[in-house]
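Architecture at a glance
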2 protein chains.
Amino acid sequence: MLTDHYELTMISAARSHPAAARPCVFEVFARRLPDGRRYGVVGGTGRLLDALADFRFGDDELAAVSGFLDAETLDWLAGYRFTGDIDGYLEGELYFPGSPILTVRAHFADAVILETLILSILNHDSAIASAAARMVSAAGSRPIIEMGSRRTHERAAVASSRAAYLAGLTATSNLEAARSYGVPSAGTAAHAFTLLFTGPDGPDELGAFRAQVQRLGTGTTLLVDTYDITRGVANAIEAAGPELGAVRIDSGDLGILARQVRDQLDGLGAHGTKIVVSGDLDEYAIASLRAEPVDIYGVGTSLVTGSGAPTAGMVYKLVEVDGLPVAKRSSHKESHGGAKAAVRLARESGTVVEEVLYPAGGPTPVLAGHTAAPLQTPLVRGGQRVEGLPSLTESREHLRDALVTLPWEGLGLSHGEPAIPTRYEF
Amino acid sequence: MLTDHYELTMISAARSHPAAARPCVFEVFARRLPDGRRYGVVGGTGRLLDALADFRFGDDELAAVSGFLDAETLDWLAGYRFTGDIDGYLEGELYFPGSPILTVRAHFADAVILETLILSILNHDSAIASAAARMVSAAGSRPIIEMGSRRTHERAAVASSRAAYLAGLTATSNLEAARSYGVPSAGTAAHAFTLLFTGPDGPDELGAFRAQVQRLGTGTTLLVDTYDITRGVANAIEAAGPELGAVRIDSGDLGILARQVRDQLDGLGAHGTKIVVSGDLDEYAIASLRAEPVDIYGVGTSLVTGSGAPTAGMVYKLVEVDGLPVAKRSSHKESHGGAKAAVRLARESGTVVEEVLYPAGGPTPVLAGHTAAPLQTPLVRGGQRVEGLPSLTESREHLRDALVTLPWEGLGLSHGEPAIPTRYEF
């Protein structure tokens, strides 16, 4: 039922006409990247293939739509199984404006019914992965923990953790993401834990820290900014000794505080105690802390909301009917008709220079002195998921490698043009 | 498993200490409204109460967390049922900075474990409801259809449809929201449907419209902007006659096009044919079309992304332990300790003037010549949902009535201060 009312009314209307039997090609692409971004990261393909395998209409679903559909269409829905072919960019691949991220080949009804499911998953997960990748770049070699579950829908939170891990984050606070996708989970304590240790004599931060260390060991992370941070650091080392794993600072001017806390920790002999910072961090705040003695970042809101771009803006467009290219013609939303393939051209050094879209099945574009890497991979054949597709961990490695191929300016955080141009060879 | 790693490690650490047995009060509130907003709308309470009833740890869940938890905590989790009390603002109630939207009274572990679930649901649904309410205000008496499912996570889409309906939208494209929550669903056709009717002789828009009208009747909505809009309107009336239900325009300058299309429809005798507009509409675009002959709006991306504020930014804070107020003290994130109650004071005319927060259980604030409406309602007692809570439809009506009580400037779309101030009587 994760589909739109109009997908079903379109199917009903088309089924009365021979056009419904025509083989179609639908493509997913983004007309543009979010404002000023240099690249996008494809996320969600793995989740989409899982969801596709479960996309069926049972008795409950059919009863729910019987009020506005004819008997023939209901019969068709009851037997619906996707039997077409899907090709696409792998998860963790970079994309640019126009990139044919997913290509669905099937009869009209078989393909159009998937529009909402495909776009929901790819638009959400790609938005999160794209934002997360910028944070990873900004953090350099320092790990980032995802802790944004509470700032987004409870199920979107799980997908966000997965997409963040794909993009290179180190761990998540979300336990369901750990269970479903094997993302390493992490976390220690919130301010509520320290506040709990308040008695008639007032706060007892040291008591809270002692209780945490007693249970979780000296390797734990103590949250030191509930009351006075300097006192908090002193209490932390008093409770755990200089072998304390880490302290976390969640508020205030994180750069200044990190330096003060580092000095204080070093003065107490806690040279190995790490500093975790969190609190409304985005890629710009992470970058601004590069010169500070920060060891680990925790990100939340900005990650799960795509850091200003909560959706990737991808669309699902019919581009070919019965071998004929088709395209909407009115206004500024012009599209390029015809099924497309794509290659990314790279210098011998490995640096990519442009993405070229060309008619699917046509000759692969060549450029002297450059390699041309094809970007689409078979994902589904005859309704069945292709075997041997990359794991989430492999996709994560692919992205890390792909980012290295961008021209230097392509990794810039500032607003700019896409890292490489998209050229249409039509 | 829709919880955070650190909720469980906190519980583990607290359980070794007598503090864990202390009765606690946690409060949900937003420190501020999204930039320049005048009010927030509480959304998600109904979904939260549903989710709370299902919040359990089964064998699979326990196995998944056994790697980092001690046996005692695992035992406790296995038997976990929420047995505390919850009070809160009803769905569809307005809220302002500091409003105690939800108050959870329970032992520490019983309450802290719910943080992520509570915040995920309330932050998401309130963000959507708050944005949607502004769109409804901007549209005046014209209906709005929610069609944003493809621009957000597939499950967040369902919750978004529900929140949008709560806020006064008329219908949704999302079939799962129709099934789960009784939101009326609507929809007709996309550009792909018209493009499908492309043969060797080129496009056949008239054929597409005829097929749609044949199956869905003359009351249907025909999408007229796939090719040339003027030609599209002519084809639409040729296919359906002047009794056609509506035409939809999804691109271009919607104000200019609406006027042209209205003139054309009237000229063809189709005086009753409505005009539906869609395409990147937000509350500002809706407002800018007030003087144009638009009958129905379709909104998508801006709705499901909260129109620039995709999360409500609510937090879940421990405010009382064993009857003693507690609060974080460091930096700018200061909070008011102690359990709070809230009333909204109104003139005899019904116009509200301020929201007053005061110690729970204390005397209700009074202001001469003003009424004081209490804002919190019992939602859960002893772990059981209170009977007789409002339905989604009743909550929808409550919001409609509540918006009428705001001072005029409180309904402004422009950036400004909260419609009424929040006063702390402490």
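Residues numbered from 1 in each chain as written. Chains lettered and ligands numbered in written order. Predicted model: local features only at pLDDT ≥ 70, side-chain atom pairs only at ≥ 80, totals over all residues. Heavy atoms only, no water.

Considering the overall build of chain A
Selection criterion: Numbering of helices and strands starts at the N terminus; helices are DSSP runs of H or I of at least 4 residues and strands are runs of E of at least 2. A simple rule labels every residue: compare its accessible area, found with a 1.4 Å probe on the protein chains alone, to the largest value its type can have, and call it buried under 20%, exposed over 50%, or partly exposed in between. We call two residues contacting when some pair of their heavy atoms lies within 4.5 Å. A positive count includes Lys and Arg, and a negative count includes Asp and Glu. His and the chain ends are not counted in either. For charged residues, the charge sits on one atom: NZ in Lys, CZ in Arg, CG in Asp, CD in Glu.
Looking only at helices and strands, chain A has 15 helices and 21 strands in total. Overall, chain A is about 80 × 60 × 40 Å in size when its C-alpha atoms are taken along their principal axes. The buried share among the 426 residues of chain A stands at 60%. Intrachain contacts of chain A at a sequence separation of at least 6 include 73% that bridge at least 24 residues. Between the centroid of the 37 positive side chains of chain A and the centroid of its 51 negative side chains there is a distance of 2 Å.

Some details on the interface of chain B and chain A
Many analyses report the size of an interface as the accessible area lost when the parts associate. To keep it simple, the criterion reads: Accessible-area loss on putting two parts together, using a 1.4 Å probe and summing over both, is the definition of buried area adopted here. Should a side-chain nitrogen of Lys or Arg be within 4 Å of a carboxyl oxygen of Asp or Glu, the pair is scored as a salt bridge. Counting of polar contacts relies on pairs of N or O atoms within 3.5 Å, with two restrictions inside protein: one atom must be capable of donating a hydrogen and the other of accepting it, and residues adjacent in sequence are counted only when both atoms are side-chain atoms. All amino acids are sorted into three groups, where Ala, Val, Leu, Ile, Met, Phe, Trp, Tyr, Cys and Pro are nonpolar, Asp, Glu, Lys and Arg are charged, and the leftover types, Gly among them, are polar.
Residue-level contacts link 96 residues of chain B with 97 residues of chain A. Buried surface at the junction of chain B and chain A, summed over both partners, amounts to about 8,100 Å²; 62% is from carbon and sulfur atoms. For the pair chain B and chain A, the interface holds 16 salt bridges. Between E61(B) and R179(A) there is a salt bridge, with the nearest N and O atoms lying 3.3 Å from each other. Inspection of the chain B/chain A interface yields 47 residue pairs in polar contact (both at pLDDT 80 or more). Ranked by the residues each element gives to the side of chain B that touches chain A, the list is headed by helix α1 (residues 5–15) of chain B, at nine residues. Within the side of chain B that touches chain A, the residues separate by chemical class into 41 nonpolar, 32 polar and 23 charged.

Here's the deal with the relation of the copies chain B and chain A
Put simply, the test is: Copies overlap after least-squares fitting; the atoms used are the C-alpha atoms of residues with pLDDT of at least 70 in both.
Take chain B, turn it by 180 degrees, move it 0.0 Å along the axis, and it overlays chain A with an RMSD of 0.0 Å. The two molecules are tied by a two-fold rotation axis, judged by turn and shift. Interface residue correspondence from chain B to chain A reaches 100%, placing this contact among same-surface, isologous pairings.

Some words on the pattern of salt bridges
Under the definition given, this model contains 50 salt bridges over all chains. In this structure, K328(B) and D225(A) form a salt bridge, with 3.7 Å as the shortest nitrogen-oxygen distance. Residue K328(B) is found in the loop between β15 (324–325) and β16 (340–346), and its partner D225(A) is found in the loop between β10 (221–223) and α11 (229–240); the two belong to separate chains. The salt bridge partner of D250(B) is R248(B), with a shortest N-O separation of 3.5 Å. Both residues of the pair, D250(B) and R248(B), count as buried. One salt-bridge network, held together by shared partners, links D4(A), E7(A), E115(A) and R150(B).

Focus on the nonpolar core
What counts here: In plain words, nonpolar cores are sets of buried Ala, Val, Leu, Ile, Met, Phe, Trp, Tyr and Cys residues tied together by side-chain atoms within 4.5 Å.
Counting residues in each nonpolar core, the largest one holds 131 residues, and the members touching the most others are F193(A), F26(B), F108(B) and I113(B). Considering every element that reaches this core, the biggest residue donor is helix α6 (residues 115–139) of chain A, with seven residues. Listed in part, the 130 residues of the second largest apolar core include V41(B), I249(B), V299(B) and L403(B).

Things to note about the packing of aromatic side chains
To keep things clear, this is the line we draw: Any two of the Phe, Tyr and Trp rings considered here, Trp counted by its six-membered ring, make a pair once their centres fall within 6.5 Å; the pair's planes then place it as stacked at under 30 degrees, edge-to-face at over 60, or tilted in between. Geometrically, a charge over a ring is one whose NZ (Lys) or CZ (Arg) sits within 6 Å of the ring centre while staying within 35 degrees of the ring normal.
Per the counting criterion, the structure on display carries 14 aromatic pairs over all chains. When the centroid spacing of 6.2 Å and the interplanar angle of 40 degrees are considered together, the rings of F26(A) and F108(A) count as tilted. Of the two residues, F26(A) sits in strand β1 (residues 23–30) while F108(A) sits in helix α5 (residues 108–112), which places them 82 residues apart along the sequence. Pair check on accessibility: F26(A) and F108(A) agree, each one buried. Geometrically, the ring pair formed by W76(A) and Y80(A) is tilted, given 5.3 Å between the ring centres and 50 degrees between the ring planes. For the pair shown, W76(A) and Y80(A) are each scored as buried. Following the ring pairs from residue to residue traces out a cluster consisting of F55(A), F57(A), W76(A) and Y80(A). Between the NZ or CZ atom of R162(B) and the centre of the ring of Y181(B), over which it lies, the distance is 5.2 Å.

Overview of the domain arrangement of chain A
Residues and elements named next belong to chain A. Put simply, the test is: Note that the domain bounds were set by an automatic or database domain assignment.
If you check the domain split of chain A, you get domain 1 (5–128 + 309–424) and domain 2 (137–307). Inter-centroid distance (C-alpha atoms) of domain 1 to domain 2 is 37 Å. In this complex, domain 1 contributes 22 residues to the contact, which on the side of domain 2 involves 23 residues. Between domain 1 and domain 2, roughly 1,800 Å² of surface is buried when both sides are summed, and carbon and sulfur atoms account for 60% of that area. Along the contact surface separating domain 1 from domain 2 lie one salt bridge. Among the ionic pairs, E91 bridges to R162, the shortest N-O distance being 2.8 Å. For the interface between domain 1 and domain 2, the tally reads eight residue pairs in polar contact (both at pLDDT 80 or more). Among the residues forming the side of domain 1 that touches domain 2, the class breakdown is 10 nonpolar, seven polar and five charged.

Structural notes on helix α7 (residues 154–166) of chain A
All names here are of chain A. Heads up, the rule is: Any helix carries an expected span of 1.5 Å times its number of residues minus one.
Taking 1.5 Å per residue, 13 residues should reach 18 Å; α7 reaches 19 Å between its end C-alpha atoms and fits that length. Within α7, 12 of the 13 residues are buried, which leaves the element mostly enclosed by the surrounding structure. Looking only at α7, the buried set comprises E154, A156, A157, V158, A159, S160, S161, R162, A163, A164, Y165 and L166. Looking one or two residues past α7, G168 carries a phi angle of roughly 115 degrees, positive in sign.

Regarding the sheet that holds strand β14 (residues 314–321) of chain A
Residue and element names in this part refer to chain A. What counts, and what does not: A strand pair is defined by DSSP finding two or more bridges across the two strands. Axes here refer to lines fitted to C-alpha atoms; in helices the fit is confined to the stretch in contact. Angles between the N-to-C directions go from 0 to 180 degrees.
Taking strand neighbours across the sheet as the criterion, the seven strands line up as β15-β14-β1-β5-β3-β19-β20 in an open arrangement whose pairing is antiparallel. Every other strand in the sheet has two partners, leaving β15 (324–325) and β20 (384–385) as the edge strands with one partner each. Bridge analysis of strand β19 (residues 377–381) against β20 gives two bridges, and the strand direction is antiparallel. In the sheet register, R381 faces β20, and the bridge partner there is Q384. Lying over the sheet, helix α2 (residues 45–53) contacts β3 (85–88), β5 (102–107), β19 and β20, oriented at roughly 15 degrees with respect to β19. Contacting β1, β5 and β14, α6 runs over the sheet at an angle of about 135 degrees to β14.

Structural notes on the sheet that holds strand β20 (residues 384–385) of chain B
Residue and element names in this part refer to chain B. Read from one edge of the open sheet, seven strands run β15-β14-β1-β5-β3-β19-β20, paired in antiparallel fashion. Sheet topology places β15 and β20 at the edges, where each strand pairs with a single neighbour. Pairing between strand β14 (residues 314–321) and β15: two bridges, direction antiparallel. Opposite V321, over in β15, you have L324 as the bridge partner. Strands β1 (23–30), β5 (102–107) and β14 of the sheet are contacted by helix α6 (residues 115–139), whose axis makes an angle of about 135 degrees with β14.

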